[in-house]
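Descriptive structure summary
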Amino acid sequence: MSDKQIYSLDQLPPITSWLTDMDGVLVREHHAIPGAQDFLDMLHDLEMPFLVLTNNSIYTARDLSARLENSGLKVPEDHIWTSALATAAFLSQQSPESSAFVIGEAGLTTALHEAGYVMTETDPEYVVLGETRTYDFVAITHAIRLIENGAKFIATNPDTTGPSEDGTLPATGAVAAMIERATGKKPYFVGKPNSIMLRAGLNRIDVHSETTGLVGDRLDTDVQSGIEAGLRTFLVLSGSTKKGDIDKYPYRPYRVYDSIADIVPVVQKHIEHARAYD
């Protein structure tokens with residue numbers, strides 16, 4: 001039996017492009033996870049389209065590329081896709097070159113500027129909430145009043161907490177909840193688990209969902225968004241989700257591995273099948 005016949009039993013085409021989460025998959029506590037560079041090198045050597053994803057909206061893609069390099073990983077900035085970039089892409093489609101009152105840092109403000117948005121405190125079409133190291137009560141109060149006056153409420157991601165060297169920090173989702181309680185208006189979250197972030201990423205690298213794999217470490221964000229976007233999801237147990245957690249969810253990943261190192265031969269297997277199809 002030929003390789004083509006064997007693979008056809010799975011009823012799925014070979015994976016020829018990849019999306020991968022960053023924290024818990026490629027890096028952990030500012031250190032590269034063993035096998036991460038091997039995975040990235042293989043994608044580069046095989047000229048496979050790929051993106052590294054993060055819900056963190058603080059940093060620009062250039063900043064994150066530098067931070068990853070400090071961790072021992074080489075990822076060009078054009079291969080990094082953040083919730084800030086996804087939010088800017090979403091808003092530019094919804095209302096091109098409009099205006100926004102923004103609570104966030106360089107990753108978000110730069111993305112919106114490059115999308116043609118004007119930052120304003122007066123009568124914006126949108127209030128856009130992102131991650132920041134220091135949430136300002138005055139800015140939050142102003143955002144509440146703008147939303148009460150009709151501004152549409154957008155948030156980059158629903159994560160309620162974030163890590164720091166000193167312990168847990170409140171994140172975008174927690175602040176969004178406060179604004180929602182004050183205004184009665186729910187935000188629209190663009191980042192994972194919203195599959196729109198992944199779909200925008202697929203468009204960015206011009207690939208199709210049925211031939212793309214997603215590697216993530218969380219069932220409630222990575223795997224959920226990947227399933228909803230029509231990708232094959234590969235859960236690695238090197239981050240947030242543990243093996244015993246899988247049965248707690250009403251959906252399952254396509255495959256489960258211990259770490260990104262185990263995905264390297266999977267990439268090789270799929271590219272061999274792709275070549276057999278040509």
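You'll find the structure just up there.
A brief report on the enclosed structure follows. (Residues numbered from 1 in each chain as written. Predicted model: local features only at pLDDT ≥ 70, side-chain atom pairs only at ≥ 80, totals over all residues. Heavy atoms only, no water.)

1. Concerning the pattern of salt bridges
This model, assessed by the stated rule, comprises 8 salt bridges. A salt bridge links Glu77 to Arg62; its shortest N-O distance comes to 3.2 Å. Placement of Glu77 in the loop between helix H3 (61-70) and strand E5 (80-82) and of Arg62 in helix H3 is noted, with a sequence separation of 15 residues between them. A residue is classified by how much of its surface remains accessible, and Arg62, at 57% relative accessible area, is exposed. (Salt bridge = Lys/Arg side-chain N within 4 Å of Asp/Glu carboxyl O. Helix = DSSP H or I, 4+ residues; strand = E, 2+ residues; numbered from the N terminus. Buried < 20%, exposed > 50% of the residue type's maximum accessible area, 1.4 Å probe, protein only.)

2. Looking at the sheet that holds strand E15 (residues 255-257)
The strand order across the open sheet formed by 6 strands is E5-E4-E1-E13-E14-E15, and the pairing between neighbours is parallel. Taken across any chain shown, the strands that pair with only one partner, and hence form the sheet edges, are E5 and E15. On average, adjacent strands in this sheet sit at an angle of 25 degrees to one another, irrespective of strand direction. Note that strand E13 (residues 212-216) and strand E14 (residues 232-236) share 4 bridges and pair parallel. Its bridge partner lying in E14, Val215 is registered against Phe234. Packed onto the sheet, helix H8 (residues 195-205) meets strand E1 (17-21), strand E4 (50-54), E5 and E13 and runs at close to 150 degrees relative to E4. (Pairing = 2+ DSSP bridges. Axes fitted to C-alpha atoms, helices over the stretch in contact; angles between N-to-C directions. Contact = heavy atoms within 4.5 Å.)

3. Some thoughts on helix H7 (residues 172-183)
Taking 1.5 Å of rise per residue, the 12 residues of H7 would be expected to cover 16 Å, and the 16 Å separating its terminal C-alpha atoms lies within 8% of that figure. At its buried positions, H7 is contacted by strand E8 (126-129), helix H6 (137-148), strand E9 (152-155) and strand E12 (188-189). Just downstream of H7, Gly184 is the residue with a positive phi angle, here 80 degrees. (Expected span 1.5 Å × (residues − 1).)

4. Re H3
The complete set of buried residues in H3 reads Ala61, Leu64, Ser65 and Leu68. Buried residues of H3, viewed axially, fall in a sector of 105 degrees; they line one side. Exposed positions of H3 whose direction lies more than 90 degrees from the buried face are Arg62, Glu69 and Asn70. Summarising the contacts, the buried residues of H3 are in contact with strand E2 (27-28), E4, E5 and helix H4 (83-94). Among the residues trailing H3, Gly72 stands out with phi positive, at a value near 100 degrees. (Arc of directions from axis to C-beta.)

5. Thoughts on the sheet that holds E12
Backbone hydrogen bonds are what pair the strands of a sheet, in a parallel or an antiparallel way. Ordered by their spatial adjacency, 5 strands build an open sheet running E7-E6-E8-E9-E12, and the pairing between neighbours is parallel. Every other strand in the sheet has two partners, leaving strand E7 (118-119) and E12 as the edge strands with one partner each. Sheet analysis places E9 next to E12, joined by 2 bridges and oriented parallel. Looking at the pairing, Ile154 lines up with Tyr188 of E12. Together, strand E6 (99-103), E7 and E8 form the strand contacts of helix H5 (residues 106-114), whose direction differs from that of E6 by roughly 170 degrees.

Just distances and angles here, no functional claims.
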